[in-house]
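Residue strings, one per chain:
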Amino acid sequence: MSRTLILSALSALMVVLGGYIYLSASREVASNQTSLPLMAASAQEAGTSDSEPADAEAEDTAAPEVIEMVMGSDDAPITVIEYASFTCPHCARFHEEVYPQLVENYVDTGQIRFVIREIYFDRYGLWAAMVARCGGPLRYFGISEMIMEEQREWVQGEPGAVAANLRRLGLRAGLSDDQLDACLTDNDMAQAMVTLSSEQAEADGVQGTPSFVINGELYSNMSYAEMSELLDGLIADVEG
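Residues numbered from 1 in each chain as written. Predicted model: local features only at pLDDT ≥ 70, side-chain atom pairs only at ≥ 80, totals over all residues. Heavy atoms only, no water.

Q: I'm lost on the pairing of strand β4 (residues 78-84) in this one. Help?
A: Two faces make up the sheet, and in a regular strand the side chains alternate between them. Taking burial as the measure, the seven residues of β4 include six buried ones, the bulk of the element. Note that β4 and strand β5 (residues 112-118) share seven bridges and pair parallel. Bridge pairing in β5 links Ala-84 to Glu-118. Bridge analysis of β4 against strand β6 (residues 211-214) gives four bridges, and the strand direction is antiparallel. (Buried < 20%, exposed > 50% of the residue type's maximum accessible area, 1.4 Å probe, protein only. Helix = DSSP H or I, 4+ residues; strand = E, 2+ residues; numbered from the N terminus. Pairing = 2+ DSSP bridges.)

Q: Where do I start with unusual backbone geometry in this structure?
A: Note: most residues except glycine have negative phi, and most peptide bonds are trans. The peptide bond linking Thr-209 to Pro-210 adopts the cis configuration, its omega dihedral lying at -5 degrees. The topology assignment puts Pro-210 in the loop between α11 (187-204) and β6. Although it is not a glycine, Asn-215 sits at a positive phi angle of roughly 50 degrees. With respect to the helices and strands, Asn-215 occurs in the loop between β6 and β7 (217-219). Judged by relative accessible area, Asn-215 falls into the partly exposed class, the value being 38%.

Q: Looking at this structure, how should I read the packing of aromatic side chains?
A: Given two aromatic rings, their pairing is described by the distance between the two centres and the angle made by the two planes. Under the defined criterion, the tally for this structure stands at four aromatic pairs. Ring plane angle 45 degrees and centroid distance 4.8 Å describe the contact between Phe-94 and Phe-212, whose orientation is recorded as tilted. Taken as a pair, Phe-94 in helix α4 (residues 89-97) and Phe-212 in strand β6 lie far apart in primary sequence, 118 residues in all. Judged by relative accessible area, Phe-94 falls into the buried class, the value being 2%. (Phe/Tyr/Trp six-rings, centres within 6.5 Å; stacked < 30°, edge-to-face > 60°.)

Q: Teacher, can you tell me more about the layout of surface pockets here?
A: The gaps left among the atoms become clear once a water-sized probe is rolled over them. Each pocket or cavity is described by its volume, and for the second largest pocket that value is around 240 Å³. As for the second largest pocket, its lining consists of Pro-89, His-90, Ala-92, Arg-93, His-95, Glu-96, Glu-97, Glu-145, Met-148, Glu-149, Gln-151 and Arg-152. Sorting the residues of the lining of the second largest pocket by element identifies α4, α7 (137-149) and α8 (151-154) as the ones contributing at least two each. For the lining of the second largest pocket, the leading source of residues is α4, giving seven residues. Its residues assigned to classes, the lining of the second largest pocket shows three nonpolar, three polar and six charged. (1 Å grid on protein atoms, 1.4 Å probe; cavity = no way out; pocket = protein on both sides within 12 Å on 5 of 7 lines; lining within 4 Å. Points joined across faces, edges and corners; volume = space filled by probe spheres on them. Nonpolar A, V, L, I, M, F, W, Y, C, P; charged D, E, K, R; others polar.)

Q: Sorry if this is basic, but what is going on with the state of the cysteines here?
A: The term disulfide refers to a covalent linkage connecting the sulfur atoms of a pair of cysteines. In total, this model carries one disulfide according to the counting rule given. The disulfide partner of Cys-134 is Cys-183, and the S-S distance across this bridge is 2.2 Å. Across the S-S bond of Cys-134 and Cys-183 the torsion is about 85 degrees, and the bridge reads as right-handed. Taken together, the residues span a long stretch of sequence, with Cys-134 in the loop between α6 (123-133) and α7 and Cys-183 in helix α10 (residues 177-184) at a distance of 49 residues. Residue Cys-183 is classed as partly exposed on the basis of its relative accessible area of 23%. (Disulfide = S-S within 2.5 Å.)

Q: I'm lost on the packing of α6 against α11 in this one. Help?
A: Geometrically, a packed helix pair is captured by the angle between its two axes and the distance between the axes. It is the contact of α6 with α11, at a shortest axis distance of 11 Å, that shows an interaxial angle of 110 degrees. On the basis of the axis angle, α6 is roughly perpendicular to α11. At the point where α6 passes α11, the crossing takes the right-handed sense. Between α6 and α11, the residues in contact are Leu-126, Ala-129, Met-130 and Arg-133 and Ala-190, Met-193 and Val-194, respectively. Broken down by class, the residue content of the contact of α6 with α11 amounts to six nonpolar, no polar and one charged. (Axes fitted to C-alpha atoms, helices over the stretch in contact; angles between N-to-C directions. Parallel < 35°, antiparallel > 145°, perpendicular 65-115°, else oblique. Left-handed = near helix turned anticlockwise from the far one by under 90°. Contact = heavy atoms within 4.5 Å.)

Q: Can you walk me through the pattern of salt bridges in this structure?
A: Charged atoms that come close allow side chains of opposite charge to pair. For the structure shown, the criterion picks out seven salt bridges. Ionic pairing is found between Asp-74 and Arg-113, a salt bridge with its closest N-O pair at 3.6 Å. Here Asp-74, found in the loop between β3 (69-71) and β4, pairs with Arg-113, found in strand β5; they are 39 residues apart in sequence, far enough to count as distant. Classification of Asp-74 as exposed rests on a relative accessible area of 65%. Residue Arg-117 pairs with Asp-204 through a salt bridge whose shortest N-O separation is 3.3 Å. With Arg-117 in strand β5 and Asp-204 in helix α11, the pair connects residues that are 87 residues apart, well separated along the chain. Linked by salt bridges that have partners in common, Glu-68, Arg-117 and Asp-204 make up one network. (Salt bridge = Lys/Arg side-chain N within 4 Å of Asp/Glu carboxyl O.)

Here it is as structure tokens:
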């Protein structure tokens, strides 16, 4: 997917995030229905005079901090930044086939510092990221792996079904209904996430997912053999 399309998707998402976002699954097991985060404000609605007081108020409120999700030692000689979407099949495949070996052989041994930066192509990817972040930095990577592993299952169906699937994943990961409600109704955080993602992707010239910025250089998707060869060369240069 081209960089233009990525940024167009992010811009469109910023527009619809102008309205109140909410996501709360019914706790009635029998009904199994979900209220959706419709994010329904249109560009026209966002531009009406009715929105001006809210805009003025927003200017006085600092945007929440979006925490960088980092695994590994700060002293590692190599930093790998992955740009990924939770709805991207290639990203799910990377996390199935490459990521576990990368963590075992390079992160756990102190040779690389690994960062995940989310890209939001659609609302499902944003919802998934909000669930993953709901457990904080210590639980983020475990929850995100669950989301990647089960991507084919939770992404299926209408928005209500997808929302309910993600909530069930969050509950299985140990999050409470109250935690999920708080995270998934945080419109300010959602807007901050989308804004930061757009800025970072543009700054690094990201054109698709997964993409990797390794010690400042941009790379496209690759196999474990390709990535390990690249990393071994960089590590040898540092140690030499």
